[in-house]
Amino acid sequence: MLAKQPSLLNLILKNEDYLKAQFYKRYPQLQLQEIDVFSWPEATDIRIAPYAFLSGSSYATDFALLQLICRQFHVKSYFEIGTWRGESAAAVAPYVNEVFTLNLPDERLRAMGQSEAYISSHRFFSSSFPNVTHLFADSAEIDLAPYRGQMDCIFIDGDHSAEAVERDTKRMLPLRKNEQSILIWHDAKSDAEYPRYEVLMGIYNAMPPALHAHIYLVKHSLCAVYLPKGHPSQPIAINALPTRAFEFQLRSIEVSDLKSL
């Protein structure tokens, strides 16, 4: 099969066991730490709307994390890579002064062979917020000079290859307003418990070693976060007995009613 289709080798190179071995070969002394932001007082009052429950989205707890970070640390300026339907931008827009969300231009997506339905889904939920600015460019190419030194919080959710995560993280670091600015990465876990080592390799390669101690996985979510002042944490525990549960009260919303939320 490999002789007929050499690209199948990527299935081996992307295998989690292989990636985990490569990660710990590079960072043999590292103990991944996890924090529970849902123990914060603000976590007793979280409202995520809209949330579409459609493919390619984040967990509701991922959007809750973004909102909690913005509220807890009084974020004013927020920048993200990866707009998709605009749910993440919509989750934080009511709590910050300005949101900048970056995605590939529609023309680029069209040239890549994406369907019109896929393209039109972008920005669906974020386009109506007056404080959300949509940027259109490749994260590897965009001129970031206008945003340098301006951002309190940066959310990286673009290409999840180790190389792209490393590149995007390095490009985002100069956007921090100061040393207290926060970085968040999506898909740093393959599910709510298991680390995703390809993404983690990109994160740790990009972040200065002096900052590694303040990088945490976030319990109940797919995210990792850099908190400059540190945070009480525990080593990751796979398949541990639950210490927290969540209650959902679902209410369906017609798209035509979203502006009234």
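First things first, this report covers the structure right here in the doc. One numbering rule holds for all chains: residues counted from 1, following each sequence as written. Whole-chain, interface and lining totals are the exception, using all residues; otherwise, since this is a predicted model, local features are given only for residues with pLDDT of at least 70 and side-chain atom pairs are given and counted only at 80 or more. Values shown for side chains rest on all heavy atoms present in the structure; no hydrogens or waters enter the calculation.

Looking now at the packing of aromatic side chains. Centre distance within 6.5 Å is the pairing criterion for rings of Phe, Tyr and Trp, where only the six-membered ring of Trp is used; planes under 30 degrees apart are then read as stacked, over 60 as edge-to-face, and the remainder as tilted. The full count for this structure, using the stated rule, is 15 aromatic pairs. Consider the rings of Tyr-51 and Phe-53, whose centres lie 4.4 Å apart with planes at 80°: the pair is edge-to-face. Judged by relative accessible area, which is 56%, Phe-53 ranks as exposed. Ring pairing ties together the aromatic residues Phe-23, Tyr-24, Tyr-27, Tyr-197 and Tyr-204, which thus form one cluster. Any residue under 20% of the maximum accessible area for its type is buried, any over 50% is exposed, and the rest in between are partly exposed; the area is computed with a 1.4 Å probe on protein chains only.

Like-charged residues within 9 Å of one another, or nonpolar side chains (Val, Leu, Ile, Met, Phe, Trp, Tyr) within 5 Å, are grouped into patches, provided each residue has over 30% relative accessible area and no salt bridge. Residue burial considers only the protein chains on display, and all accessible areas are found by Shrake-Rupley using a 1.4 Å probe. Definition used for salt bridges: Asp or Glu carboxyl oxygen within 4 Å of a side-chain nitrogen of Lys or Arg. Residues Phe-53, Phe-246, Phe-248 and Leu-250 make up a contiguous nonpolar surface patch of about 500 Å² in total accessible area. For Leu-250, the location among the structural elements is in the segment after β9 (234–235). Looking at Leu-250, the relative accessible area reads 69%, which means it is exposed. Under the scheme used here, helices are H or I runs from DSSP no shorter than 4 residues and strands are E runs no shorter than 2 residues, and both carry numbers assigned from the N terminus.

Here a strand pair is declared whenever DSSP counts at least two bridges between the two strands. Strand order in the open sheet formed by nine strands is β4-β3-β2-β5-β6-β8-β7-β1-β9, and the pairing between neighbours is mixed. Strand pairing shows two members of the sheet lacking a second neighbour, β4 (132–136) and β9, which therefore form its edges. Here strand β3 (residues 98–103) pairs with β4 via five bridges, running parallel. Residue Phe-100 lies in a different strand from β4, and its bridge partner there is Thr-133. Note on contacts: a residue pair is in contact if any heavy atoms of the two residues lie within 4.5 Å. Each axis is a line fitted through C-alpha atoms, taken for helices only over the stretch in contact, and angles between the N-to-C directions span 0 to 180 degrees. Sheet strands touched by helix α3 (residues 60–72): β2 (77–81), β5 (153–156), β6 (182–185), β7 (215–218) and β8 (224–226). Its angle to β6, the strand with the most contacts, is close to 180°.

This paragraph deals with the state of the cysteines. Here a disulfide denotes one covalent bond, and it connects the sulfur atoms of two cysteines. Working definition: a disulfide is two cysteine sulfur atoms within 2.5 Å of each other. Evaluated as defined, the whole model comprises zero disulfides. Looking at the unpaired Cys-70, the closest cysteine sulfur is the one in Cys-153, lying at 5.0 Å. Overall, the relative accessible area of 1% leaves Cys-70 in the buried class.

Our next topic: the environment of Ile-48. Position of Ile-48 among the secondary structure elements: in the loop between β1 (33–35) and α3. Sequence separation between Ile-48 and Leu-144 is 96 residues; the distance between their C-alpha atoms is 30 Å. Leave out the neighbours within four places in its chain, and Ile-48 touches Ala-60, Phe-63, Ala-64 and Gln-67.

With that settled, the discussion passes to the pattern of salt bridges. As a working rule, side chains carrying opposite charge can pair if their charged atoms are close by. Across all of its chains, the model carries nine salt bridges by this definition. A single salt-bridge network, built from bridges that share partners, covers Arg-108, Asp-138 and Glu-141.

A few words on the environment of Pro-235. Within the secondary structure, Pro-235 is located in strand β9. Discounting residues that sit within four places of it in the chain, Pro-235 has contacts with Gln-31, Leu-32 and Gln-33.

With their axes 7 Å apart at the nearest point, helix α7 (residues 162–172) and helix α8 (residues 197–206) run at an angle of 35° to one another. Relative to α8, α7 is oriented so that their crossing is right-handed. Note on element contacts: α8 touches α7 through Glu-198, Val-199, Met-201, Gly-202, Ile-203, Asn-205 and Ala-206, opposite Ala-162, Val-165, Glu-166, Thr-169 and Lys-170. The residue inventory of the contact of α7 with α8, partitioned by class, reads six nonpolar, three polar and three charged. Less than a right angle of anticlockwise turn of the near helix away from the far helix marks a crossing as left-handed, whereas a clockwise turn marks it as right-handed. Under the convention adopted here, Pro, Cys and the residues Ala, Val, Leu, Ile, Met, Phe, Trp and Tyr are nonpolar, Asp, Glu, Lys and Arg are charged, and Gly plus all remaining residues are polar.

The subject of this paragraph is the environment of Gln-150. Take Gln-150: it is sitting in the loop between β4 and β5. Residue Gln-150 is classed as partly exposed on the basis of its relative accessible area, which comes to 39%. Once the C-alpha coordinates of Gln-150 and Ser-77 are considered, the two residues, 73 residues apart in sequence, prove to be 6.9 Å apart. Not counting chain neighbours up to four residues away, the residues in contact with Gln-150 comprise Ser-77, Leu-175, Arg-176 and Lys-177.

Attention shifts here to the nonpolar core. By size, the foremost hydrophobic cluster in this structure holds 35 residues, and its most contacted members are Phe-79, Trp-185, Leu-200 and Ile-203. With residues up to four places along the chain from it excluded, the contact list for Phe-79 reads Phe-100, Leu-102, Leu-135, Leu-144, Tyr-147, Met-151, Cys-153, Ile-154, Phe-155, Met-172 and Leu-175. Nonpolar cores are built from buried Ala, Val, Leu, Ile, Met, Phe, Trp, Tyr and Cys residues. Side-chain atoms within 4.5 Å join them into one set. Ranked by size, the runner-up nonpolar core spans 30 residues in total, among them Phe-38, Val-96, Cys-223 and Val-225.

Between two packed helices, the angle of one axis relative to the other and the distance separating the axes together describe the packing. Where helix α2 (residues 16–26) meets α8, the closest approach of the two axes is 9 Å, and the angle between their N-to-C directions is 25°. By the criterion of interaxial angle, the relationship of α2 to α8 is roughly parallel. Of the two possible hands of crossing, α2 and α8 adopt the one that is left-handed. Contacts from Glu-16, Leu-19, Lys-20, Gln-22, Phe-23, Tyr-24 and Arg-26 of α2 reach α8 at Tyr-197, Glu-198, Leu-200, Met-201, Tyr-204 and Asn-205. An angle below 35 degrees is read as roughly parallel, one above 145 as roughly antiparallel, one from 65 to 115 as roughly perpendicular, and any other as oblique.

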